[in-house]
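# Observations on chain architecture
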Amino acid sequence: MNRKHSRVLPVLTVVLAIFVLWYAGAVALNAKWAEDKATRANITLSFPQLVADTWSQDKPKLPTPHQVAREIWKTTGAMALRGRTFSKRSLIFHSWITLSTTVLGFVMGAGLGILLAVGIVHSRAMDMSVMPWIIASQTVPILAIAPMVVVVLNAVGISGLLPKAVISMYLSFFPIVVGMVKGLRSPDRMQLDQMRTWYASKSQTFWKLRLPGSMPYLFTSLKIAMAAALVGAIVAELPINQNGGLGARMLVGSYYGQTIQIWSALITAAVLAAVLVGFIGFVQGATLKRMGMAQ
Amino acid sequence: MPDIVVKADNLSLTFQTNDGPVQALADIDLTVEKGEFVSFIGPSGCGKTTFLRVMADLEKPTSGTICINGVTPEEARKSRAYGYVFQAAGLYPWRTIGGNIRLPLEIMGYSRTERAERVKRVLDLVDLSGFEKKFPWQLSGGMQQRASIARALAFDADILLMDEPFGALDEIVRDHLNEQLLKLWAKTSKTIAFVTHSIPEAVYLSTKIVVMSPRPGRIADIIDSPLPPDRPLDIRDTPEFLEVAHRVREGLRAGHAYED
């Protein structure tokens, strides 16, 4: 009980601070527009009137939390109640598109990352030759690569979900490689010597020592990779925005100055990320507990 | 000749390090017969652990020969002729005690029923029955080390190589484990090679004590213990025991072990 309290209180404090700053920021950023409007109409605004105006504009520079919340409800729950859950205007529809790209890209990235890590740990040649390329791959701006991936894959007849998932994979495999290389190398000299005294084969050493030993590292990098996969999916939706998705929603919003729409897509993406990372955390807890390694 | 388990002739080992070559072992001649309990004692850097690792084929000698059960250490390792107990218990935290003991048995391809039966047997042997389902962190350091000895015993190797297995434990636990180890040795009639820092431990346990001196690591003295095989802990207060201990100490001093 006590521990729960001590965790909830700091979180609530931070949330409260964010809200205060957010509302204050909305006043500061939106005040100019409110004042200009008032000047044109030849009226002077009292401070409460000014604040009320800055918190209720149609296209504010910074929308307030309650405006964003109302927009999110309007495009999710309210639409679902009217039976239009997967309408093109629904955030649930767009989230679903982003989610499927993210999950597919994440699975591909995790697979590729683990394979590369296994290769790097077992082959010195691969360690020397592949690792620098992997690091270099991450220094290339993803925004520059994304349209090229789309064009190239389209040219060979691949379109739809896969090109976006490839971009998502491009971002998510990296933390997995790095984490898994470290994890697979975590057994110490003594543990490897011990395997040698039992005349264990390389594959036995891998399955019985290296792989289970790497689990804590794997889950940590899976969490980072999941967040990266979501970023990749959103970036990929910018050049392929006709298919929808939260990234497309943000882009369209910015075309028309629909800041409330941008922010609601942004918040939805953040919630999506939290749910996905939380899910991995749950699997991690369950797995490590089963392995007897829970802290 | 079949009774000779370890035979080293003129064995030397030089490590190539960044600071130039370091001679870890020089001109080691040693014969160990089946069923002996041999202790290697000496200060740090005398090569006692290195010699144990040579026997286990974890290091290759630079010159000279060594035979384990009449074959090379590599062949002995591949035929799983020895069990090795390291300084740290080295139990896998993600496996239960039973699972840890099963590990070498899985690697060596024993059947499921035989694994279960052997795990039970060696757990009895080290007095850990009932702890099969516990995880290593639920056990004390002494119990973990006993589990690691059980693991080395599980596949019935004739030779047990032990590298300061009780070095990290306190003296009370160590006394208890020494007593248990002697009983275990009597029950299983294995050949045991035991590396230690402690003179009383070496004298109490061994039928043969190999005193080593450093730089380069070589044998200063080999003492065949006159003590009877049946040794209660009290034996450490008898004149015979003190005499052997004295000879070990002399051997260590003769090797200039503590020169400035």
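As the structure is a computational prediction, the values presented were derived from the model and not from experiment.

What follows covers the overall build of chain B. Regarding its fold elements, chain B presents eight helices and nine strands. Taking 2.2 N^0.38 as the reference for a compact globule, 260 residues should give roughly 18 Å; the C-alpha atoms of chain B span a radius of gyration of 18 Å, in line with that estimate. For chain B, buried positions account for 45% of its 260 residues. Put simply, of all contacts in chain B between residues at least 6 apart along the chain, 70% involve residues at least 24 apart.

Once that is clear, we can look at the interface of chain B and chain A. At the interface, 16 residues of chain B touch 15 residues of chain A. Put simply, the parts of the chain that give the side of chain B that touches chain A at least two residues each are helix H2 (73–78) and helix H3 (97–107) of chain B. The dominant element in the side of chain B that touches chain A, judged by the number of residues it contributes, is H3(B), at three residues. Within the side of chain B that touches chain A, the residues separate by chemical class into twelve nonpolar, one polar and three charged.

The next subject is the pairing of strand E7 (residues 191–196) of chain B. Residues and elements named next belong to chain B. Burial analysis of E7 places six of its six residues in the buried class, which makes it a mostly covered element. Burial along E7 is two-sided: Thr191, Ala193 and Val195 facing one way and Ile192, Phe194 and Thr196 facing the other are all buried. When strand E3 (residues 37–41) meets E7, the two strands line up parallel, connected through five bridges. When the sheet's bridge partners are listed, Ile41 is paired in E7 with Thr196. Here five bridges tie strand E6 (residues 159–163) to E7, and the two strands are oriented parallel to one another. Paired with Asp163 across the strands is Val195, a residue of E7. On the question of chirality, the crossover connecting E6 to the parallel E7 by way of helix H6 (residues 171–188) is right-handed.

Here we take up the environment of Leu222(A). Residue and element names in this part refer to chain A. Relative to the assigned elements, Leu222 resides in helix H10 (residues 202–236). Linking Leu222 and Gly179, residues 43 residues apart in sequence, is a C-alpha distance of 8.7 Å. Discounting residues that sit within four places of it in the chain, Leu222 has contacts with Ala110, Ile176 and Ile280.

What follows deals with the pairing of strand E2 (residues 20–33) of chain B. All names here are of chain B. Here strand E1 (residues 4–17) pairs with E2 via ten bridges, running antiparallel. If you follow Thr17 over to E2, its bridge partner there is Gly20. Here E1 folds back onto E2, and the loop between the two strands holds two residues.

Further remarks concern the confidence of the model for chain B. Summarising the model, chain B shows a mean pLDDT of 87, and 97% of its residues fall at 70 or more. Under the prediction, the complex receives an ipTM of 0.86, its pTM being 0.81.

All right, on to the sheet that holds strand E5 (residues 82–85) of chain B then. Residue and element names in this part refer to chain B. Strand order in the open sheet formed by six strands is E5-E6-E7-E3-E8-E9, with mixed pairing between adjacent strands. In this open sheet, the two edge strands, each paired with only one partner strand, are E5 and strand E9 (218–224). On average, each strand axis in the sheet is tilted by 15° relative to the strand beside it, whichever way the strands run.

Once that is clear, we can look at the sheet that holds E1(B). All names here are of chain B. Pairing is antiparallel in the open sheet, where three strands are placed in the order E2-E1-E4. A strand with exactly one partner marks an edge of an open sheet, and here the two such strands are E2 and strand E4 (63–68). Going across the sheet, the axis of each strand differs from the next one's by a mean of 20°, ignoring polarity. Two elements, E1 and E4, share five bridges in a ladder whose sense is antiparallel. Counterpart to Asp9 in the pairing with E4 is Thr65. Running at roughly 65° to E2, helix H1 (residues 48–55) makes contact with E1, E2 and E4 of the sheet.

Turning our eyes to something else, we now look at the domain arrangement of chain A. Here chain A is described as being made up of domain 1 (2–62) and domain 2 (91–290). Relative to domain 2 of chain A, the C-alpha centre of domain 1 of chain A lies at a distance of 37 Å.

With 74 residues, the main nonpolar core has Phe40(B), Met55(B), Ala150(B), Leu161(B), Ala193(B), Val211(B) and Val248(B) as its most contacted residues. Sorting elements by how many residues they give to this core places helix H5 (residues 141–153) of chain B first, with six residues. For this core, the two domains that each supply at least three residues are domain 1 (1–81 + 163–168 + 177–260) and domain 2 (90–156) of chain B. When residues no more than four places from it in sequence are discounted, the contact partners of Val248(B) are Ile41(B), Ile199(B), Ala202(B), Val203(B), Ile209(B), Val211(B) and Ile223(B). In this structure, Ala165(A), Leu171(A), Met180(A) and Ala225(A) belong to the second largest nonpolar core, which totals 44 residues.

What follows covers the domain arrangement of chain B. Residue and element names in this part refer to chain B. The domain architecture assigned to chain B consists of domain 1 (1–81 + 163–168 + 177–260) and domain 2 (90–156). A C-alpha centroid distance of 26 Å is found between domain 1 and domain 2. Tallying the contact residues gives seven residues for domain 1 and nine residues for domain 2.

Before going further, it helps to spend a moment on the packing of helix H11 (residues 246–255) of chain A against helix H12 (residues 259–290) of chain A. Residues and elements named next belong to chain A. Two elements in contact, H11 and H12, have axes separated by 8 Å at closest approach and are oriented at 160°. With respect to their mutual orientation, H11 and H12 come out roughly antiparallel. For the pair H11 and H12, the sense of crossing is left-handed. On H12, the residues touching Leu246, Arg249, Met250, Gly253 and Ser254 of H11 are Gln261, Ile262, Ala265, Leu266, Thr268 and Ala269. Partitioning the contact of H11 with H12 into residue classes produces six nonpolar, four polar and one charged.

Cut-off values and rules
- Residues numbered from 1 in each chain as written.
- Chains lettered and ligands numbered in written order.
- Predicted model: local features only at pLDDT ≥ 70, side-chain atom pairs only at ≥ 80, totals over all residues.
- Helix = DSSP H or I, 4+ residues; strand = E, 2+ residues; numbered from the N terminus.
- Rg over C-alpha atoms; globule rule 2.2 N^0.38 Å.
- Buried ≥ 20, exposed ≤ 12 C-beta atoms within 10 Å, placed from the backbone.
- Contact = placed C-beta atoms within 7 Å.
- Nonpolar A, V, L, I, M, F, W, Y, C, P; charged D, E, K, R; others polar.
- Pairing = 2+ DSSP bridges.
- Right-handed = clockwise from strand over helix to strand, strands pointing away.
- pLDDT = per-residue confidence, 0-100.
- Axes fitted to C-alpha atoms, helices over the stretch in contact; angles between N-to-C directions.
- Domains from an automatic or database assignment.
- Core = buried A, V, L, I, M, F, W, Y, C linked by C-beta atoms within 7 Å.
- Parallel < 35°, antiparallel > 145°, perpendicular 65-115°, else oblique.
- Left-handed = near helix turned anticlockwise from the far one by under 90°.

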